Amino acid sequence: MSGETQPTSGSRQRIDKWLFFARMAKSRSLAQSHIQSGHVRINGERCNHPSQMVKPGDRIELALERRDVVLIMRLAGERRGPYEEARLLYEDLSPPPDEAKRLTPYEQAIRATGTGRPTKKERRAIDRLMSDED
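Peer 1: Just give me the short version of the packing of aromatic side chains, but keep the residues and values in it.
Peer 2: Aromatic rings in a pair are described by how distant their centres are and how their planes are angled relative to each other. This model, assessed by the stated rule, comprises two aromatic pairs. Between tryptophan 18 and tyrosine 90, the aromatic rings sit 6.3 Å apart at their centres with planes inclined by 75°, giving edge-to-face as the arrangement. Taken together, the positions of tryptophan 18 in helix H1 (residues 15-21) and tyrosine 90 in strand E7 (residues 90-92) put the pair 72 residues apart, joining distant regions of the chain. Its relative accessible area of 0% is what places tryptophan 18 among the buried residues. A residue is classified by how much of its surface remains accessible, and tyrosine 90, at 4% relative accessible area, is buried. On the numbers, 5.9 Å between centres and 45° between planes, the contact of phenylalanine 20 with phenylalanine 21 is tilted. Residue phenylalanine 20 shares its accessibility class with phenylalanine 21, and that shared class is buried.

Peer 1: Give a detailed account of the nonpolar core, specifying residues and quantitative values.
Peer 2: Counting 22 residues, the largest nonpolar core has Ile15, Trp18, Leu19, Val40, Ile60 and Leu62 as the members making the most contacts within it. Those elements that place two or more of their residues in this core are H1, helix H2 (28-36), strand E2 (40-42), strand E5 (59-63) and strand E6 (68-73). At five residues, H1 tops the list of elements feeding residues into this core. Excluding residues within four positions of it along the chain, leucine 19 makes contact with Met24, Ala25, Ala31, Ile35, Val40 and Leu62.

Peer 1: Lay out the pattern of salt bridges in plain terms, naming residues and giving numbers.
Peer 2: Throughout the structure, instances matching the rule amount to five salt bridges. Between aspartate 58 and lysine 55 there is a salt bridge whose closest N-O contact spans 3.2 Å. Between glutamate 85 and arginine 79 there is a salt bridge, and its shortest N-O distance comes to 2.8 Å. Taking relative accessible area as the criterion, arginine 79 reaches 49% and is therefore assigned partly exposed. Within the structure, one salt-bridge network assembled from shared partners comprises Arg14, Asp16 and Arg28.

Rules behind the numbers
Per chain, residue numbering runs from 1 following the sequence as it is written. Reporting of local features is limited, given that this is a predicted model, to residues whose pLDDT is at least 70; pairs of side-chain atoms are given and counted only at 80 or more, and all residues count toward the totals for whole chains, interfaces and linings. For the side-chain quantities, the full set of heavy atoms in the structure was used; hydrogens and water were omitted. The criterion for an aromatic pair is that two Phe, Tyr or Trp rings (for Trp, the six-membered ring) have centres within 6.5 Å, with stacked assigned to planes under 30 degrees apart, edge-to-face to planes over 60 apart and tilted to the rest. Elements are defined by DSSP. Helices are runs of H or I of four residues or more, strands are runs of E of two residues or more, and each kind is numbered from the N terminus. When accessible area is computed with a 1.4 Å probe and restricted to protein chains, residues below 20% of their type maximum are described as buried, those above 50% as exposed, and intermediate ones as partly exposed. Buried residues of nine kinds, namely Ala, Val, Leu, Ile, Met, Phe, Trp, Tyr and Cys, make up a nonpolar core once their side-chain atoms join them within 4.5 Å. Only heavy atoms enter the contact rule, under which two residues are in contact if any of them lie within 4.5 Å. Only one rule defines a salt bridge in this text: a Lys or Arg side-chain nitrogen within 4 Å of an Asp or Glu carboxyl oxygen.

Structure, rendered in structure tokens:
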């Protein structure tokens, strides 16, 4: 055999477990659904499988609901601990938040007053204007 050694079991880890241990997802099942929906990239390539292995030095990009996060994996996690412990698992390279606030789906669905379909009263006024032009 050559002088190469096998990597220790703690050096590589499933991406769904790592996201859970690093407190980027509230549960492993949420991490898995986030990965399967295509919101996670590892070293610039889209990750679609929660079982994909990550190692220290990998660049992980997450598209979360309110912000985009760019992380460099430092360590593999052993458990989901407090924030201070989870913070040691990665280096945060995320850009500062944009000045413009990212809207939630609910906020996007609400229309401003006067936009959208006209009311019955507005339709009658439009019809009167259109008939006056003829």
